[in-house]
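Structure assessment
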Amino acid sequence: MHRRGVGAGAIAKKKLAEAKYKERGTVLAEDQIVQMSKQLETFKSNLEEFASKHKQEIRKNPQFRVQFQEMCATIGVDPLASGKGFWSEMLGVGDFYYELGVQIIEVCLALKHRNGGLITLDELHQRVLKGRGKYAQDVSQDDLVRAIKKLKVMGSGFGMIPVGGSYLVQSVPAELNMDHTVVLQLAEDHLLKEGLAWLDSQAGAEAQYWLPALFAELTSRDVTPEEANQMTP
Amino acid sequence: MFFRTLTAVNTASTAMSFEWPWQYNFPPFFTLQPNVDTRQKQLAAWCSLVLSYCRHHKLYTVDVMEAQESPVFNNKKIERKLSVEAIQVVFEELRKKGNLEWLDKNKSRCLVMWRRPEEWGKLIYQWVSKNGMNNTVFTLYELSNGDDTDGEEFHGLEDWMLQRSLQALQAEGKAEIITMDDGKGVKFF
């Protein structure tokens, strides 16, 4: 009996079938590409519409900025990822955070001799707002955190230390390239000298330093003016 | 004479519980601060705490060794205690301010005057005048433990302090201490 599928004829047939499938595959891929291009076009024009509608909003409104950032995160997009491109050019988001980063660096450098390069996020926020003046765009703490994260990535020696629900912002000039324990030591000595920190020698192997202002925050009490006087000279 | 010490305080006997200042729960408060300015603030707060604690519990004498274990200098909740050296520094501050007197050369026991003798004298004299008891003679015991003085702040005042207070009044010409057969007495003018 003859068996189908075996023999030169079968092989040739198989090859033809494969070729046809391949062709079909190419056709399919081309279809898909056309589809995707169309979708991308739609997506792009939607984005452009979004951008023109909301660009002002993004620059002016911190709350809106947070929501915008969260939306981007959900779809896996980082609008600050690159200096060029759609996000920074169309929306100007990159510029906003870049400028903010510069301001943050200015504030930290100006105060470094006083606080040893450590500043609470609250104080940083206050000073940045002051520096921006009445008519500039409002800036939230969320904005500061994002700007600092970007600064970190660029290797400018910025860091954030979580403390009691907020952050301490640490600035070290990149060129000094210090070991962070050395920096903290300097900051601690500096804080002690300035009377901003109290020494705790019963914390264990290492001495610990406490900031009365943060302690008050952590214990969530209202500090009376008299108590505030008792904390620092 | 019955000396009440810091450790023998029966907290149940105090009507209102003592309110600790915020520093009491701040761990570094129990480390003598190296920064001079910060130390000044710290010592001021310690002096205030010691005096108000003694006032609240009506304590007049402190034994330094026992003091280390008292809740004032030993906060078990945050696991911090003031060292003996630091306690001495606090006591020296109190002495300089006139609120403390050492009972011995070794500085192991002291009198804590959360109210100075002059201030006590004033209170006693006020009570005497208010009740129209000028020119009456009292025994010391009547003043500190009599039924009439029950409820007054100086009721229960320890003998050594009572005598000093009366001496202060005597110096002001408001009283005269009299020696009687079975002890001392005082006449108020």
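Numbering of residues starts from 1 in each chain and follows the order in which that chain's sequence is written. Chain labels run from A onward and ligand labels from 1 onward, assigned in the order the entries are written. Note on the predicted model: pLDDT of at least 70 is required for a residue's local features to be given, and 80 or more for side-chain atom pairs to be given and counted; whole-chain, interface and lining totals, by contrast, use all residues. Side-chain numbers come from the whole structure's heavy atoms, not from hydrogens or water.

Some words on the overall build of chain A
Each helix and strand counted, chain A has nine helices and five strands in total. The helix and strand labels rest on DSSP assignments: H or I over at least four residues marks a helix, E over at least two residues marks a strand, and numbering proceeds from the N terminus. Moving toward the C terminus, one meets the helices and strands of chain A in the order α-α-α-α-β-α-α-β-β-α-β-β-α-α. For the exposure calls, accessible area comes from a 1.4 Å probe over protein chains only, and a residue counts as buried if that area is under 20% of its type's maximum, exposed if over 50%, partly exposed in between. Sorting the 233 residues of chain A into buried and exposed places 30% on the buried side. Pairs at least 24 residues apart make up 49% of the contacts formed inside chain A by residues separated by at least 6 positions. We get accessible surface area from the Shrake-Rupley algorithm with a probe of 1.4 Å; when it comes to residues, only the shown protein chains can shield them. Surface summary for chain A: the accessible area is close to 15,600 Å², and the carbon and sulfur share equals 56%. Pairs of residues are marked as contacts when any of their non-hydrogen atoms sit within 4.5 Å.

A closer look at the sheet that holds strand β7 (residues 175–180) of chain B
All names here are of chain B. If you trace the three strands from one edge of the open sheet to the other, you get β6-β8-β7, paired in antiparallel fashion. In this open sheet, the two edge strands, each paired with only one partner strand, are β6 (137–139) and β7. Each neighbouring strand pair of the sheet contributes to a mean axis angle of 30 degrees, computed without reference to strand direction. Strands pair, by our definition, only if DSSP identifies at least two bridges between them. Relative to strand β8 (residues 183–188), β6 runs antiparallel, the two sharing three bridges. Residue pairing in the sheet places T139 in a bridge with G185 of β8. Packed on one face of the sheet, helix α6 (residues 159–171) meets β7 and β8 and runs near 125 degrees to β7. Axis definition: a line fit to C-alpha positions, over the contact stretch in the case of helices; interaxial angles, taken between N-to-C directions, run 0 to 180 degrees.

Considering helix α4 (residues 117–130) of chain B
Residues and elements named next belong to chain B. Here the expected length of a helix is defined as 1.5 Å per residue gap, with one fewer gap than residues. The end-to-end C-alpha separation of α4 is 20 Å, in line with the 20 Å expected for 14 residues at 1.5 Å each. Of the residues making up α4, those classed as buried are P117, W120, G121, I124, Y125, W127 and V128. Down the axis of α4, the buried set is contained in an arc of 160 degrees. They therefore lie on one face. Along α4, exposed side chains directed more than 90 degrees from the buried face belong to K122 and K130. In the segment just after α4, G132 is the residue with positive phi, at about 60 degrees. Of all possible arcs, the one meant is that of the directions from the helix axis to the C-beta atoms.

Considering the packing of α4 of chain B against α6 of chain B
All names here are of chain B. Two numbers describe how α4 lies on α6: the axes approach to 8 Å, and their chain directions differ by 80 degrees. With respect to each other, α4 and α6 are oriented roughly perpendicular. The segment α4 lies against α6, with P117, E118, W120, G121, I124 and Y125 engaging M161, L162, R164, S165, A168 and L169. To sort the angles, those under 35 degrees are grouped as roughly parallel, those over 145 as roughly antiparallel, those from 65 to 115 as roughly perpendicular, and the leftovers as oblique.

Observations regarding the sheet that holds strand β5 (residues 109–112) of chain B
Pairing between sheet strands relies on hydrogen bonds along the backbone, with the strands arranged either parallel or antiparallel. Residue and element names in this part refer to chain B. In space, the three strands of this open sheet follow the order β1-β5-β4, with antiparallel pairing throughout. Edge positions in the open sheet fall to β1 (61–63) and β4 (100–102), since each of these has one partner strand only. Direction aside, the axes of adjacent strands within the sheet are offset by 25 degrees on average. As defined by bridge partners, β4 adjoins β5 across three bridges and the pair is classed as antiparallel. Considered in β5, the bridge of L100 is made with V112.

Describing the environment of Q202 of chain A
Within the secondary structure layout, Q202 of chain A lies in the loop between β4 (198–200) and β5 (208–210). The exposure class of Q202 of chain A is partly exposed, given its relative accessible area of 28%. Beyond its immediate chain neighbours, meaning those up to four positions away, Q202 of chain A contacts F30, T31, E79, R80 and K81 of chain B.

Quick notes on the pattern of salt bridges
Residues and elements named next belong to chain B. Take a side-chain nitrogen of Lys or Arg and a carboxyl oxygen of Asp or Glu: if they are within 4 Å of each other, that pair is a salt bridge. Tallied over the full model, the rule gives 12 salt bridges over all chains. In this structure, R109 engages D63 in a salt bridge whose closest nitrogen and oxygen atoms are separated by 3.8 Å. Highlighted residues: R109 in strand β5 and D63 in strand β1, separated in sequence by 46 residues. Accessibility expressed as a relative area gives 16% for D63, which makes it buried. The residue R115 makes a salt bridge to E153 at a minimum N-O spacing of 2.9 Å.

Some words on the packing of helix α1 (residues 36–57) of chain B against helix α3 (residues 84–96) of chain B
The description of two helices packed together rests on the angle between their axes and the distance between the axes. Residue and element names in this part refer to chain B. Closest axis-to-axis distance for the α1/α3 pair is 9 Å, and the angle between their directions is 80 degrees. Classified by the angle their axes make, α1 and α3 are roughly perpendicular. Where α1 abuts α3, its residues L43, W46, C47, V50 and L51 lie against V89, V90, E93 and L94. Gly is put with the polar residues, along with every residue not named as nonpolar or charged; the nonpolar set is Ala, Val, Leu, Ile, Met, Phe, Trp, Tyr, Cys and Pro, and the charged set is Asp, Glu, Lys and Arg. Classifying every residue of the contact of α1 with α3 by side-chain character gives eight nonpolar, no polar and one charged.

Details of the packing of aromatic side chains
Geometry of an aromatic ring pair is reported as the spacing of the ring centres plus the angle between the planes. Residue and element names in this part refer to chain B. Stacked, tilted and edge-to-face are the three classes assigned to paired rings of Phe, Tyr and Trp, where Trp is represented by its six-membered ring and a pair needs centres within 6.5 Å; plane angles under 30 degrees give stacked, over 60 edge-to-face, the rest tilted. Taken as a whole and judged by the stated rule, the model has 20 aromatic pairs over all chains. Ring-pair connections join several aromatic residues into one group, and the members of that group are F18, W20, Y24, F29, F30, W46, Y53, F73, F91 and W102. Charges are assigned to positions over rings by a cutoff of 6 Å between ring centre and Lys NZ or Arg CZ, combined with an angular limit of 35 degrees from the ring normal. In this structure, K174 packs its charged tip against the face of Y125, placed 5.4 Å from the ring centre.

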